[in-house]
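Okay, here's what each chain looks like letter by letter:
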Amino acid sequence: MRKFITSLAIAASACLSTPSAQAAESMLTSWYGSYFHGRTTANGEIYNMYGHTAAHKYLPFGTKLLVCFDGCTTVRVNDRGPYIGGRQLDLSYGAATKIGLTYAGVGYTWVTFL
């Protein structure tokens, strides 16, 4: 719980310094990697597990998000999912590594819509 509260504090400071931020929310986030690497995403791109992309069930392709856990990174929605109940966002391995989510696998992230 302490890790989550610290992450929210970092996210809040990052969000406040982003003038184009429109809305922010907490999302249950996971990541996906090598099994999908090189396959076609829902928008027709080739998935690069080392990139900074995300899958979301209904956000428009191309939507940019600031995602924070232990750190923050910007991702672009280019795929659909996740398809496991309760999860709202799937990050590429590269994005999950950047914010420190790979070890936990699943966690609540603070997401700002850019």
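Residues numbered from 1 in each chain as written. Predicted model: local features only at pLDDT ≥ 70, side-chain atom pairs only at ≥ 80, totals over all residues. Heavy atoms only, no water.

Novice: Can you lay out the environment of Leu65 for me, pointing to particular residues and giving the numbers?
Specialist: Tracing the chain through its elements places Leu65 in strand β3 (residues 64-68). In this structure Leu65 comes out as buried when scored by relative accessible area, which is 0%. In this structure, Leu65 is in contact with Leu59, Thr73, Thr74, Val75, Val77, Leu89, Val111, Thr112, Phe113 and Leu114, ignoring residues within four places of it in sequence. (Helix = DSSP H or I, 4+ residues; strand = E, 2+ residues; numbered from the N terminus. Buried < 20%, exposed > 50% of the residue type's maximum accessible area, 1.4 Å probe, protein only. Contact = heavy atoms within 4.5 Å.)

Novice: How would you sum up the nonpolar core? Please name residues and give values.
Specialist: One finds Leu65, Val67, Val75, Leu89 and Leu91 to be the most contacted residues of the largest nonpolar core, which totals 16 residues. In this view, Val67 contacts Cys72, Thr73, Val75, Leu89, Leu91, Ile99, Thr109, Trp110 and Val111; residues no more than four positions away in its chain are not counted. (Core = buried A, V, L, I, M, F, W, Y, C linked by side-chain atoms within 4.5 Å.)

Novice: Can you break down the side chain of Thr29 residue by residue, with the values?
Specialist: Mapped onto the elements, Thr29 comes out in strand β1 (residues 23-32). At a separation of 3.1 Å, a polar atom in the side chain of Thr29 contacts the main-chain carbonyl oxygen of Met27. Excluding anything up to four places from it in sequence, Thr29 contacts Leu89, Leu91, Leu101, Gly105, Val106, Gly107 and Thr109. (Polar contact = N/O pair within 3.5 Å; in protein donor to acceptor, adjacent residues only side chain to side chain.)

Novice: Can you lay out the sheet that holds β3 for me, pointing to particular residues and giving the numbers?
Specialist: Backbone-to-backbone hydrogen bonds pair the strands of a sheet. The strands run either parallel or antiparallel. Spatially, the 6 strands close up into a barrel ordered β1-β5-β2-β4-β3-β6, and their pairing is mixed. With strand direction ignored, the average angle separating the axes of adjacent strands in the sheet is 45 degrees. (Pairing = 2+ DSSP bridges. Axes fitted to C-alpha atoms, helices over the stretch in contact; angles between N-to-C directions.)

Novice: Explain the packing of aromatic side chains to me, using residue names and the numbers behind them.
Specialist: Counted according to the given criterion, the structure contains 5 aromatic pairs. Considering the side-chain rings of Tyr35 and Phe36, the 5.0 Å spacing of their centres and the 90 degrees angle between planes classify their relative orientation as edge-to-face. Each residue in the set Tyr32, Tyr35, Phe36 and Tyr47 is aromatic and connected to the rest through ring pairs, giving one cluster. The positively charged end of Arg39 is found above the aromatic ring belonging to Tyr35, 4.2 Å away from the centroid. A cation sits over an aromatic face here: Arg80 above Phe61, 4.1 Å from the ring centre. (Phe/Tyr/Trp six-rings, centres within 6.5 Å; stacked < 30°, edge-to-face > 60°. Lys NZ or Arg CZ within 6 Å of the ring centre and 35° of its normal.)

Novice: Talk me through the pairing of β1; I want residue IDs and the actual numbers.
Specialist: In this structure, β1 lies alongside strand β6 (residues 106-113), joined through 8 bridges in antiparallel fashion. Directly across from Ala23, in β6, lies its bridge partner Phe113. Inspection of the sheet shows β1 paired to strand β5 (residues 89-92) by 4 bridges, in the parallel sense. Of the residues in β5, the one forming a bridge with Tyr32 is Ser92.

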